[in-house]
Amino acid sequence: TIKTAMYFFFLLILTISLLFFVTLGGVFCSYLYKKIGDSSSWDAGYNSFNPSKHVDYFLIIIFILTGWFVGIKKPPFINNWQNGIKGFIQKISYLFIPTIFYLIISACLLFIGVYFFSFKFLVLAFKTSLKANFSYIAEVSSLLTIKGPKLISAVFLLYSVILNLNLSLLYLLFSFLDYII
């Protein structure tokens, strides 16, 4: 039926945005880590735009089935911190660079959505869950009064905003746990 086809189409959009943003964040963070003196993630191949370096495909299947994003491949944790101020900067950057990156991306996408679709986009962004849901798609269509390619763009932006917010919190949690353990 049409509902089933739309469900799988929007599930595909959600999965593509997940792969894109996790890969983009991994490459960006690997580059910044190298710039501050830690080349371990660069040497491990996290500078590649190949999503398999950044995402575990088993976790993608869990994400598609449940809507829960439970993990990412993180660059190796640094055990040889430098001394002094450079070591302090390395520790802080390891904790906060991915989180800040994903928050900035989320804010930019939110701004783009509000600019193109109106302030109703802001309300919808915080009602978005990471599940492909036909009733949600219908709500987006009716509230923003759009159809067709504009609807696909709006849903992609909405999923991307909430996905980046979730990634920022996930990275912060995992980095903090790596740091304490």
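For clarity, every value in this text was computed on a predicted model and none was experimentally measured. (Residues numbered from 1 in each chain as written. Predicted model: local features only at pLDDT ≥ 70, side-chain atom pairs only at ≥ 80, totals over all residues. Heavy atoms only, no water.)

Things to note about the overall build of the chain
The helix and strand inventory of the chain stands at 7 helices and 0 strands. Tracing the chain from N to C terminus, the helices and strands come up as α-α-α-α-α-α-α. Here the chain holds 181 residues, and the buried ones make up 43% of them. Taking all contacts inside the chain whose residues are at least 6 apart in sequence as the whole, residues at least 24 apart take part in 69%. Put simply, the chain shows about 9,800 Å² of open surface, and 72% of that area lies on carbon and sulfur atoms. (Helix = DSSP H or I, 4+ residues; strand = E, 2+ residues; numbered from the N terminus. Buried < 20%, exposed > 50% of the residue type's maximum accessible area, 1.4 Å probe, protein only. Contact = heavy atoms within 4.5 Å. Areas by Shrake-Rupley, 256 points an atom, 1.4 Å probe, with all protein chains shown as cover.)

Side note on the confidence of the model for the chain
The predicted model of the chain averages 81 in pLDDT, with 90% of residues at 70 or higher. Highest mean pLDDT in the chain belongs to helix α5 (residues 120-125) (88); lowest belongs to helix α3 (residues 57-66) (74). (pLDDT = per-residue confidence, 0-100.)

Concerning the pattern of salt bridges
This structure, assessed with the given rule, holds 1 salt bridge. We note a salt bridge from K127 to E139, for which the minimum N-O separation is 2.5 Å. Here the residue K127 occupies a position in the loop between α5 and α6 (134-144), and E139 occupies one in helix α6, the gap between them amounting to 12 residues. (Salt bridge = Lys/Arg side-chain N within 4 Å of Asp/Glu carboxyl O.)

Concerning the nonpolar core
Ranked by internal contacts, the top residues of the largest apolar core, which has 36 residues, are F121, V140 and L144. For this core, the secondary structure elements donating two or more residues are α1 (2-35), α3, α4 (84-117), α5, α6 and α7 (149-180). Sorting elements by how many residues they give to this core places α7 first, with 11 residues. Ignoring anything within four residues of it in the chain, the contact list for V140 reads L124, T145, L151, A154, V155 and L158. (Core = buried A, V, L, I, M, F, W, Y, C linked by side-chain atoms within 4.5 Å.)

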